[in-house]
Amino acid sequence: MSSPLTLAPAPPSQAAEEVRTQVREFLAEELAAGTFTTHVDTWLSGVDPEFSRKLGRRGWLGMTWPKQYGGHERSAMERYAVTEELLAAGAPVAAHWIADRQSGPNLLRYGTEEQRQEILPRIAAGECYFVIGMSEPDSGSDLASIRTRAARNGDGDWVVNGAKVWTSNAHFSHYGIVLVRTSPADPANRHAGLSQLLVDLSLPGITINPIRILDGGHHFNEVVFEDVVVPGDMLLGEEGAGWHQVTAELAFERSGPERFLSTYPLLAEFARRACDTGDAAQLGALGRLSARLLALRQLSLRIAAALDRGELPDIPAALVKDVGTTFEADVVDEIRRVVEVTPSLDSPDPLGRALAEAQLHAPGYTLRGGTNEILRGIVARGLGLR
Amino acid sequence: MASDQDLVVETVRDILSAHEPFALTADTAWDAGLWADLAEAGLTGVGLPEEAGGSGGELADAVAVVRTLAAGAGAVPVAEQLLAAGPALLAAGLDLPDPAEPLTLAVAGAVTAEPVDDGDGPGRWQLTGTATDVAWAGVARHVAVLAAAPEGIEGAVLALVDAEGLATSDARNLAGEPRGSLVLGGAPAAGALLTPARTGEVRARFALTRAVQLAAALERVLAWTVQYAGERHQFGRPLGRFQAVQMELAEMAGEVTAVTALTDAAVQALDRGDDVVLAAAAAKVRAGAAVEVVARLAHQVHGAIGFTHEHKLHHLTRRLWSWRDEAGSELTWSQVLGVGLLARGGDDLWPALTRVV
């Protein structure tokens, strides 16, 4: 099959396997020392700035960036191994996750020299955190319909008004990359007139209101902008090129192993149970789920290899996220079919707790970062159908 | 596939296109003419070493031949010969029969093997019992039989049996491919005792063979379905313009792409000489699971015409429904995988997963 959906197999990477071993040893030490406990979906909910700084000190943030900006000039394959190990351990990586994954690469591509020098080393140190400013109360999947606007004032600064929602971790983050309308909507070209602004979240006029998810956890926020004055040089990239830039950013947002490993700690707990019981149905379920996971790893590795080749595989990324998030939600259902276990956050059984965490976070997997319906539309475009 | 295999693929495609497609009928058990042309071109020995009588070439070349024939629904035992039986015989130190004569593999737990001294030196075995569900029974001239070892001995015996004159039952799989039984009456045959680990490898290679065929057929079914959705118009526009249909095709593409990625990785692991039992198990399970989605949605998108014998779709969907259960079903291999991943204990799942491929 030759289409925009297929990527070449990833070549083996010795360097990736070496760093994988280092991360695994580090995580075993941290777990033994009790500095963190394993949870499901920790790239959304596991906030621990000290842990993020530790990763920064070890050189595991900003891994692929140039050294002059605090990066380590390592391959996407090596970064893949690091992120995968952190997710499999259910480590608290939420504080830095978005900055390291997509905001940093976005700044590297579109930021000014000053922005890169000032911000990127702090991200790589695990000290500077970012939010994604895309969705709005009236604009979810239809991102081009956003209404948050930015207009130049007499000083050449941007005055921002509007609101963003589902803004993960805005209550402790430092910056947002905010998609705004900088010229009036053109019905003939809905993607025109959008721009990205780099916004310091401590600016006057910004209000951050918590939005709690199903388990009561506070990760999401509403971020309201009322006459927020953003310095003129905080335009990211080109005025009016926001849609194109967002598309590039989404390739990073959608392609990583967090799109199929959010519930991995539940699978690991289930494996302990299946090992104890030796139950054939449980072992079979473990095999079926593992086969799906192994295929997703290969897809995600292919994307990492494509990033190393300098490609921006947005269509394969959409495909992996669709297949991956479907899988991570299915983990819950497959397990409960073969184990008698009651899901509860208060369960004395670690499997019951993991199941409860995974279940209560499950609706988000196939929504965040682009719904699976939107992703399948992108895949359909890759198939030449639209 | 990599560009190195393009020439092989092109050659097989040329030969396929010179033959009437979809040759299997109630009266025709295989495509003897296709086989003859493939053998003539040396393609029935690809990937098997020249010193053993094969045509030489890489594993990737053999996989390319098998994939092309699977996607083209070629009714010949090339997959069994190049990827399963041939390599199994060579790994066991047995002679390879003439690649121009079809060879298959029978995993036959109900057949017992006893050593025999028939004056033809050591390594002679007497096989007794009935091998069931044998791929290309009645077509293959030679059968590599994986039989139960004598009582009290672990592992299995792999023996090369001349199928000429063996009693055969005429059973077919869902696609009409021969899957009959062979009655082994105790004639001496060259064979070798395999350890349980080597036995597991033979089975795993057979499973990976079917996974490779499944991957290729799944890709072709997706391609046919996308093409059909672009050509068939309803309500004044192509089916592919309807979002509901796009969702189905995208789901199919996700499944197909996942299967290909994992199967390719398992083949590469085999090529590196890694232990591939778990990789093969995973590839077979993943490919089998994809059949459910891809075959169902392919028929859904094709509508009633795809449900007719006249249309070509069933030549591959019936193979998909058969191959997923052959060489060990998802039930068998998912348990092998589950048990194998926990071999070092319940805390070792992640390291085990990252070792598979």
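Residues numbered from 1 in each chain as written. Chains lettered and ligands numbered in written order. Predicted model: local features only at pLDDT ≥ 70, side-chain atom pairs only at ≥ 80, totals over all residues.

(A) Structural detail: the overall build of chain A. Counting its secondary structure elements, chain A contains 12 helices and eight strands. A globule of 386 residues ought to have a C-alpha radius of gyration of about 21 Å, and chain A, at 21 Å, matches this closely. Its C-alpha atoms put chain A at 70 × 50 × 40 Å along the principal axes. Within chain A, buried positions represent 55% of all 386 residues. Pairs at least 24 apart in sequence give 74% of the contacts found in chain A among residues at least 6 apart. (Helix = DSSP H or I, 4+ residues; strand = E, 2+ residues; numbered from the N terminus. Rg over C-alpha atoms; globule rule 2.2 N^0.38 Å. Buried ≥ 20, exposed ≤ 12 C-beta atoms within 10 Å, placed from the backbone. Contact = placed C-beta atoms within 7 Å.)

(B) Region of interest: the overall build of chain B. For chain B, the count of helices and strands is 10 helices and eight strands. In terms of overall size, chain B behaves like a compact globule, its C-alpha atoms giving a radius of gyration of 21 Å where 357 residues would be expected to give roughly 21 Å. Overall, chain B is about 75 × 55 × 35 Å in size when its C-alpha atoms are taken along their principal axes. For chain B, with 357 residues in total, the buried portion stands at 56%. Long-range pairs, those at least 24 residues apart, make up 71% of the contacts in chain B between residues at least 6 apart in sequence.

(C) View of the interface of chain A and chain B. With 38 residues of chain A in contact, the opposing surface of chain B contributes 45 residues. Put simply, the parts of the chain that give the side of chain A that touches chain B at least two residues each are helix 8 (264-277), helix 9 (280-308), helix 10 (314-338) and helix 12 (372-382) of chain A. For the side of chain A that touches chain B, the element with the most residues is helix 9 of chain A, which contributes 16 residues. By residue class, the composition of the side of chain A that touches chain B is 23 nonpolar, six polar and nine charged. (Nonpolar A, V, L, I, M, F, W, Y, C, P; charged D, E, K, R; others polar.)

(D) Seen up close, the UniProt feature "domain: Acyl-CoA dehydrogenase/oxidase N-terminal" (unreviewed entry) in chain A. The residues that UniProt annotates with the feature "domain: Acyl-CoA dehydrogenase/oxidase N-terminal" (unreviewed entry) are residues 15-127 of chain A. The straight-line gap between the two end C-alpha atoms of residues 15-127 of chain A is 26 Å; of that span, 65% is helix and 0% is strand. (UniProt positions renumbered as here; feature names shortened; annotations may be inferred.)

(E) Structural view of the nonpolar core. One finds Leu197(A), Val145(B) and Ala266(B) to be the most contacted residues of the largest nonpolar core, which totals 254 residues. With 18 residues, helix 5 (residues 196-231) of chain B is the largest single contributor of residues to this core. (Core = buried A, V, L, I, M, F, W, Y, C linked by C-beta atoms within 7 Å.)

(F) View of the domain arrangement of chain A. Residue and element names in this part refer to chain A. With domains assigned, chain A is organised as domain 1 (14-129), domain 2 (132-240) and domain 3 (246-382). Each of domain 2 and domain 3 was reduced to a C-alpha centroid, and the two centroids are 29 Å apart. The interface of domain 2 with domain 3 comprises five residues on the first partner and five residues on the second. Class assignment of the residues belonging to the side of domain 2 that touches domain 3 gives a composition of three nonpolar, one polar and one charged. (Domains from an automatic or database assignment.)

(G) Region of the structure containing the packing of helix 5 (residues 94-110) of chain A against helix 7 (residues 242-255) of chain A. Residue and element names in this part refer to chain A. Between helix 5 and helix 7, whose axes approach to 9 Å, the crossing angle comes to 140°. Looking at the two axes, helix 5 sits oblique to helix 7. Helix 5 and helix 7 meet at a crossing whose hand is right-handed. Together, Arg-101, Gln-102, Pro-105, Asn-106, Arg-109 and Tyr-110 of helix 5 and Gln-245, Ala-248, Glu-249, Phe-252 and Glu-253 of helix 7 make up the contact between the two elements. The residue makeup of the contact of helix 5 with helix 7, split by class, is four nonpolar, three polar and four charged. (Axes fitted to C-alpha atoms, helices over the stretch in contact; angles between N-to-C directions. Parallel < 35°, antiparallel > 145°, perpendicular 65-115°, else oblique. Left-handed = near helix turned anticlockwise from the far one by under 90°.)

(H) Focus on the environment of Gly232(A). By secondary structure assignment, the location of Gly232(A) is in the loop between strand 7 (218-230) and strand 8 (235-236). Note: C-alpha distance between Gly232(A) and Glu17(A) (215 residues apart in sequence) is 44 Å.

(I) Quick peek at the UniProt feature "domain: Acyl-CoA oxidase/dehydrogenase middle" (unreviewed entry) in chain A. As recorded in UniProt, the sites labelled "domain: Acyl-CoA oxidase/dehydrogenase middle" (unreviewed entry) are residues 132-228 of chain A. Each end of residues 132-228 of chain A is marked by a C-alpha atom, and these two atoms are 17 Å apart; helix forms 0% of the span and strand 46%.

(J) Broad picture of the UniProt feature "domain: Acyl-CoA dehydrogenase/oxidase N-terminal" (unreviewed entry) in chain B. Here the UniProt-annotated "domain: Acyl-CoA dehydrogenase/oxidase N-terminal" (unreviewed entry) positions come out as residues 4-91 of chain B. Secondary structure content for residues 4-91 of chain B is 55% helix and 0% strand, and the end C-alpha separation is 26 Å.

(K) Geometry of the domain arrangement of chain B. Residue and element names in this part refer to chain B. Examined at the domain level, chain B breaks down into domain 1 (3-194) and domain 2 (198-356). If you list the elements that add at least two residues to the side of domain 1 that touches domain 2, you get helix 3 (59-71), helix 4 (78-91), strand 1 (103-115) and strand 4 (156-162). Ranked by the residues each element gives to the side of domain 1 that touches domain 2, the list is headed by helix 3, at seven residues. Looking at the side of domain 1 that touches domain 2 residue by residue, the classes come out as 21 nonpolar, two polar and three charged.

(L) Expanded view of the environment of Ala71(B). Residues and elements named next belong to chain B. Looking at the element boundaries, Ala-71 is found in helix 3. The buried category is assigned to Ala-71, around which 24 C-beta atoms lie within 10 Å. A C-alpha to C-alpha distance of 8.6 Å links Ala-71 and Leu-214, two positions 143 residues apart in sequence. Here Ala-71 is in contact with Ala-216, Ala-217, Glu-219 and Arg-220, once residues within four sequence places are set aside.

(M) Expanded view of the pairing of strand 1 of chain B. Residue and element names in this part refer to chain B. Here strand 1 runs beside strand 3 (residues 142-148); their pairing, made up of seven bridges, is parallel. Among the inter-strand pairings, Val-107 is bridged to a residue of strand 3, identified as Leu-146. Note: strand 1 against strand 2 (residues 124-131), four bridges, orientation antiparallel. Bridged to Glu-114 within strand 2 is Gln-126. (Pairing = 2+ DSSP bridges.)

(N) Quick peek at unusual backbone geometry. Its identity as a non-glycine residue notwithstanding, Glu73(A) has a phi of 50°, on the positive side. Structurally, Glu73(A) can be placed in the loop between helix 3 (49-57) and helix 4 (76-88).

(O) Representation of the confidence of the model for chain B. Confidence in the prediction of chain B, expressed as mean pLDDT, is 96, and 99% of residues score 70 or more. Two numbers describe this predicted complex: its pTM, 0.97, and its ipTM, 0.97. (pLDDT = per-residue confidence, 0-100.)

(P) Structural detail: helix 1 (residues 6-17) of chain B. Residue and element names in this part refer to chain B. Here helix 1 is 12 residues long and its end C-alpha atoms lie 16 Å apart, about the 16 Å a rise of 1.5 Å per residue gives. Within helix 1, the full set of buried residues consists of Val-8, Val-12 and Ile-15. All buried residues of helix 1 lie within an arc of 60° about the axis, which places them on one face of the element. Turned more than 90 degrees away from the buried face of helix 1, the exposed residues are Asp-6, Leu-7, Glu-10, Asp-14 and Ser-17. (Expected span 1.5 Å × (residues − 1). Arc of directions from axis to C-beta.)

(Q) Focus on helix 7 (residues 277-302) of chain B. Residues and elements named next belong to chain B. Across its 26 residues, helix 7 extends 37 Å between first and last C-alpha, which sits within 8% of the 38 Å expected from 1.5 Å per residue. Most of helix 7 sits inside the fold, with 21 of its 26 residues counted as buried. Positive phi appears at Gly-303, one or two residues downstream of helix 7, with a value of about 70°.

(R) Region of interest: the packing of helix 7 of chain A against helix 10 of chain A. Residue and element names in this part refer to chain A. Between helix 7 and helix 10, the least distance of the axes is 8 Å, while the angle of their chain directions is 35°. Relative to helix 10, helix 7 is oriented so that their crossing is left-handed. Within the contact between the two elements, helix 7 uses Thr-247, Leu-250, Ala-251, Arg-254 and Ser-255 and helix 10 uses Asp-314, Ala-317, Ala-318, Val-320 and Lys-321. Classifying every residue of the contact of helix 7 with helix 10 by side-chain character gives five nonpolar, two polar and three charged.

(S) Highlighting the environment of Ala185(A). Residue and element names in this part refer to chain A. Inspection of the secondary structure assignment puts Ala-185 in the loop between strand 4 (175-181) and strand 5 (194-200). Overall, Ala-185 belongs to the partly exposed group, with 16 C-beta atoms counted inside 10 Å. Separated by 121 residues in the primary sequence, Ala-185 and Thr-64 have C-alpha atoms spaced 37 Å apart.

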